[in-house]
Amino acid sequence: MKKILIIGATSAIAEATAKRYAKERASLYLLARNEERLASLTADLKTRGASSALYALLDVNDRSRHEEVLKEVIKTLGTIDVVLIAHGTLGDQKACEDNVEQALFEFETNAVSTIALLTRLANLFEKQHGGTIAVISSVAGDRGRPSNYLYGTAKAAITTFCQGLQTRMFKSGVHLIIIKPGIVATPMTEGLSMPAMLVAEPDQIAADIVRAIEKKTDTLYTPWFWKYIMLGIIHVPSTLFKKLNL
Amino acid sequence: MKAIQRIHGWGRYPIIGAEVDAPLVVSGLKSAVENYGADGMISRGLGRSYGDSSLAKYVIDTRHLNHLLDFDKNTGIVTCNAGISLADILDVFVPLGWFLPVTPGTKHITVGGAVASDVHGKNHHVSGCFSDFVEHIKLLVNPDNLLLCSETSHSELFHATCGGMGLTGIILSVSFRLMPVSSAYIDQKTIKAANLSEALALFEQNYASTYSVAWMDCLATGSSLGRSLLMIGEHAQDHKLACPAKHPITIPVEMPSSLLNRFSIQLFNTLYYNRITKQEVAHRVHYEPFFYPLDGIQHWNRLYGKNGFTQYQFVIPKEAGQEGMNKIVKKIAASGKGSFLAVLKVFGKQNDNLLSFPLAGYTLALDFKIEEGLFPLLDRLDAMVLDYGGRSYLTKDVHMSELTFKLSYPRWEEFQAIREQNGTKGIFASYQSRRLGLDT
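Residues numbered from 1 in each chain as written. Chains lettered and ligands numbered in written order. Predicted model: local features only at pLDDT ≥ 70, side-chain atom pairs only at ≥ 80, totals over all residues. Heavy atoms only, no water.

### Focus: the overall build of chain B
Link 1 in the chain: Across its full length, chain B carries 13 helices and 21 strands.
Link 2 in the chain: Whereas a compact globule of 440 residues would reach a radius of gyration of roughly 22 Å, chain B reaches 21 Å, a difference of no more than 12%.
Link 3 in the chain: Pairs at least 24 apart in sequence give 74% of the contacts found in chain B among residues at least 6 apart.
Link 4 in the chain: As presented, chain B carries roughly 16,900 Å² of accessible surface, and 53% of it is formed by carbon and sulfur atoms.
Link 5 in the chain: On chain B, the mean spot of the 41 positive side-chain charges and the mean spot of the 41 negative ones are 7 Å from each other. (Helix = DSSP H or I, 4+ residues; strand = E, 2+ residues; numbered from the N terminus. Rg over C-alpha atoms; globule rule 2.2 N^0.38 Å. Contact = heavy atoms within 4.5 Å. Areas by Shrake-Rupley, 256 points an atom, 1.4 Å probe, with all protein chains shown as cover. Lys, Arg positive; Asp, Glu negative; His and termini not counted. Charge placed at Lys NZ, Arg CZ, Asp CG, Glu CD.)

### Quick notes on the overall build of chain A
Link 1 in the chain: The helix and strand tally for chain A stands at nine helices and seven strands.
Link 2 in the chain: A globule of 246 residues ought to have a C-alpha radius of gyration of about 18 Å, and chain A, at 18 Å, matches this closely.
Link 3 in the chain: A principal-axis box enclosing the C-alpha atoms of chain A has dimensions of 55 × 40 × 35 Å.
Link 4 in the chain: Expressed as a percentage of the 246 residues in chain A, the buried residues total 49%.
Link 5 in the chain: Taking as baseline every contact in chain A between residues at least 6 positions apart, the subset at least 24 positions apart corresponds to 71%.
Link 6 in the chain: When the accessible surface of chain A is split by element, carbon and sulfur atoms take 56% of a total near 11,300 Å². (Buried < 20%, exposed > 50% of the residue type's maximum accessible area, 1.4 Å probe, protein only.)

### Some thoughts on the packing of aromatic side chains
All names here are of chain B.
Link 1 in the chain: For the structure on display, the rule yields 22 aromatic pairs over all chains.
Link 2 in the chain: Between Phe99 and Phe291, the ring centres sit 5.3 Å apart and the planes meet at 35 degrees, which makes this aromatic pair tilted. Of this pair, Phe99 sits in strand β7 (residues 98-99) while Phe291 sits in helix α8 (residues 287-291); the two residues are 192 residues apart in sequence, bridging distant segments of the chain. Comparing Phe99 with Phe291, the two get one shared label, buried.
Link 3 in the chain: Members of the aromatic cluster, each reached through a chain of ring pairs, are Phe99, Tyr211, Tyr287, Phe290, Phe291 and Tyr292.
Link 4 in the chain: Its guanidinium or amino end placed over the ring of Tyr409, Arg391 lies 4.8 Å from that ring's centre, counting from NZ or CZ.
Link 5 in the chain: For the cation-ring pair, Lys406 lies above Trp412, with the distance from its terminal atom to the ring centre recorded as 4.2 Å. (Phe/Tyr/Trp six-rings, centres within 6.5 Å; stacked < 30°, edge-to-face > 60°. Lys NZ or Arg CZ within 6 Å of the ring centre and 35° of its normal.)

### Some thoughts on the packing of helix α3 (residues 66-77) of chain A against helix α5 (residues 100-128) of chain A
All names here are of chain A.
Link 1 in the chain: The geometry of α3 relative to α5 is characterised by a closest axis approach of 11 Å and an angle of 40 degrees between their N-to-C directions. As the angle between them shows, α3 and α5 are arranged oblique. You can see that α3 and α5 cross each other, and the crossing is right-handed. In this structure, α3 uses His66, Glu67, Leu70 and Ile74 to contact α5, whose residues at the interface are Ser113, Ala116, Leu117, Arg120, Leu121 and Leu124. (Axes fitted to C-alpha atoms, helices over the stretch in contact; angles between N-to-C directions. Parallel < 35°, antiparallel > 145°, perpendicular 65-115°, else oblique. Left-handed = near helix turned anticlockwise from the far one by under 90°.)

### Some points on the environment of Gly296(B)
Residues and elements named next belong to chain B.
Link 1 in the chain: With respect to the helices and strands, the residue Gly296 is situated in the loop between α8 and β17 (297-298).
Link 2 in the chain: Note on Gly296: relative accessible area 34%, which makes it partly exposed.
Link 3 in the chain: Separated by 46 residues in the primary sequence, Gly296 and Thr250 place their C-alpha atoms 8.2 Å from one another.
Link 4 in the chain: Those residues in contact with Gly296, other than ones at most four positions away along the chain, are Pro248 and Ile249.

### Topic: the domain arrangement of chain B
Residue and element names in this part refer to chain B.
Link 1 in the chain: Per the domain assignment, the segments of chain B are domain 1 (68-181) and domain 2 (185-406).
Link 2 in the chain: Taking only C-alpha atoms, the centre of domain 1 and the centre of domain 2 are 24 Å apart.
Link 3 in the chain: Facing the 33 residues of domain 1 at the interface are 32 residues of domain 2.
Link 4 in the chain: Summed over both sides, the interface between domain 1 and domain 2 buries roughly 2,800 Å², with carbon and sulfur atoms accounting for 59% of that surface.
Link 5 in the chain: There are one salt bridge connecting domain 1 and domain 2.
Link 6 in the chain: Across the pair Glu288 and Lys107 runs a salt bridge, and its minimum N-O distance is 3.0 Å.
Link 7 in the chain: Connecting domain 1 to domain 2 are 19 residue pairs in polar contact (both at pLDDT 80 or more).
Link 8 in the chain: Looking at the side of domain 1 that touches domain 2, the element that brings in the most residues is helix α4 (residues 124-127), giving three residues.
Link 9 in the chain: For the side of domain 1 that touches domain 2, the residue count by class is 15 nonpolar, 14 polar and four charged. (Domains from an automatic or database assignment. Buried area = accessible area lost by both parts, 1.4 Å probe. Salt bridge = Lys/Arg side-chain N within 4 Å of Asp/Glu carboxyl O. Polar contact = N/O pair within 3.5 Å; in protein donor to acceptor, adjacent residues only side chain to side chain. Nonpolar A, V, L, I, M, F, W, Y, C, P; charged D, E, K, R; others polar.)

### Regarding the sheet that holds strand β5 (residues 68-72) of chain B
Link 1 in the chain: Taken in spatial order, the five strands line up as β5-β6-β10-β8-β9 (chain B) in an open sheet, and their pairing is antiparallel. Taken across any chain shown, the strands that pair with only one partner, and hence form the sheet edges, are β5 and β9 (145-149) of chain B. Strand-to-strand, the axes of this sheet are offset by a mean angle of 10 degrees, without reference to chain direction.
Link 2 in the chain: Where strand β8 (residues 134-142) of chain B and β9(B) come together, five bridges link them in antiparallel fashion. Note that in β9(B) the partner of Lys138(B) across the bridge is Leu148(B).
Link 3 in the chain: Against the sheet, helix α2 (residues 35-48) of chain A touches β5 and β6 (77-81) of chain B, its axis set at about 35 degrees to β5(B).
Link 4 in the chain: Across the sheet, helix α2 (residues 86-93) of chain B touches β5, β6 and β10 (170-177) of chain B, and the angle it forms with β5(B) is around 45 degrees. (Pairing = 2+ DSSP bridges.)

### Comments concerning the sheet that holds strand β3 (residues 42-44) of chain B
Residue and element names in this part refer to chain B.
Link 1 in the chain: The strand order β1-β2-β4-β3 describes an open sheet built from four strands, whose pairing is mixed. This sheet does not close on itself; its edge strands, each paired only once, are β1 (4-8) and β3. Each neighbouring strand pair of the sheet contributes to a mean axis angle of 50 degrees, computed without reference to strand direction.
Link 2 in the chain: Strand direction decides the pairing type here: β1 and strand β2 (residues 15-21), joined by five bridges, are antiparallel. Residue pairing in the sheet places Gln5 in a bridge with Ala18 of β2.
Link 3 in the chain: Together, β2 and β4 (58-61) form the strand contacts of helix α1 (residues 26-36), whose direction differs from that of β4 by roughly 175 degrees.

### A look at the interface of chain A and chain B
Link 1 in the chain: Between chain A and chain B, the contact holds 17 residues from the first and 24 residues from the second.
Link 2 in the chain: At the boundary of chain A with chain B, total buried surface from both sides reaches about 1,700 Å², with 50% on carbon and sulfur atoms.
Link 3 in the chain: Looking only at chain A, the three residues that lose the most surface to chain B are Arg37(A), Thr47(A) and Arg48(A), adding up to 33% of its buried area.
Link 4 in the chain: Linking chain A with chain B are one salt bridge.
Link 5 in the chain: Between Asp88(B) and Arg48(A) there is a salt bridge, with the nearest N and O atoms lying 2.8 Å from each other.
Link 6 in the chain: Where chain A touches chain B, the interface holds eleven residue pairs in polar contact (both at pLDDT 80 or more).
Link 7 in the chain: Of all elements in the fold, only α1 (12-23) and α2 of chain A reach the threshold of two or more residues within the side of chain A that touches chain B.

Structural data, given as structure tokens:
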């Protein structure tokens, strides 16, 4: 029976992933802010077959609570087989351009909180000598684009941080996987105009995540074709890139 | 105010601008209902109704309210949020030996939509509609009034809501009975019928089969008019419950609508009819291709091009029989507009819901792309169907007139009375309900 911790558990990708683990009879511990959604989600996971599903409230920006919450998780689960870090906000790029406070707040939510959590989790996993740390970054971190470069900056920070941590963790038998989803139809992206051909469903992403954790993939682009799209995008010369509106 | 989104039903016609609120929690849904109440709103699930029944200026999208709440493995009763899809239910419960008691031809609909459309399936003649397996629903008639409705509690509202196209409130959760099965496979038999009378006779001969449906070539004429492949099925007993993973193919973009013309469709239909050469073929197939052949092609609605399409499904009473069906099919064949295979089926008796579609008789469903001359043809078909005492399916309808609706759904006044009693008239309203004269 796998023991799974999910941070940002009510995000669409996290929920879809949790549902897949529930079907495998895992024990799940969920952390997020929305209690009503968490309560309903835990009922769902138990109905799907989870051995247990518990939740606690956590605002990731409330960093003073990280230690205590993680302590409680360890007390309950014992060891953690997989932690999935899935929280994030897309933010309003335009608003971030006019308002320094908002820009920094987005960065706190998407990068600083994750770095704080990963720092504690890394030490816990090192002591465990095993397990998987799965972190949702984004293709948006591969190159800054005018439409969402604040979000992209935070994700780039996460990616780079995780690359370093991945190598450090490897030495103690801990696997870290960097997950870079493309465009996904979730409440976070609702209302955005997106090219229909490229939009994936959360469950497709979840299926890829579960499989990649099993296969110990280091960096997962999901769906797979984003690897090649981003390979193209990072190689567009900046003289041309500046003229595009991506 | 939310940004205006362009939305449409499965037929991609009409396309309208709407404010869409997609709450994550019940309390969020309640406040959405409060905010939009004055201007009227309609709830919407996966948008698989074909026409304008899930369209309104204010739409409450229930897709994120998609959790399972409880399952009793002794009785098979599952309780879930209304926004969960049938696909999700199948994924979870087939491996445990349970199946949907009634399923339409796609699994990509929500449970709430299944209730609101009171969907039927290939087993209607023996099992009835989806609502026949519903224990109870929780219906939000206004933000302060959440009612438990069932055969025994608020039963009038229950019978108005099942098949009520979302016009009586928003279904928040549904508790319904699954059916035990010992296999994910179906023993299928395909039988050739050279024309309509053979097809209808075969339905009668196979009335005891759990599932029966026929794919008809609606472009064939003369002595081949109504030639069909009848498919009957029973749940296999082989104890194989695991489902192999399948990857559907996708129609990536809108196709030019000229791709589907009389000749290409005739060719397809002829090939389809002749794909089996023997009179009768038996196979064991997975439930997916048996129940959901078109789900294997994602976004197949893009095949009809940018103007979209409609699916016309009507039923005529058994008394009108073969003669009636013959005349209607002739009319369609003569128009040359009929598209891919039409689906023919014999219905069992009608239920007590006020606006449910099925009644004892023959039903035919076929696609038409939206083009000039289509609506006059549909008017003529409506008139013939009405003449035989039949009606067409609100979930697919995009064109029916108010008069045709009111004559063919005689209990519409009871339906309105219940909406008025509960204060939902004018509050929960769609483009369709306005077209049909249920709202102004």
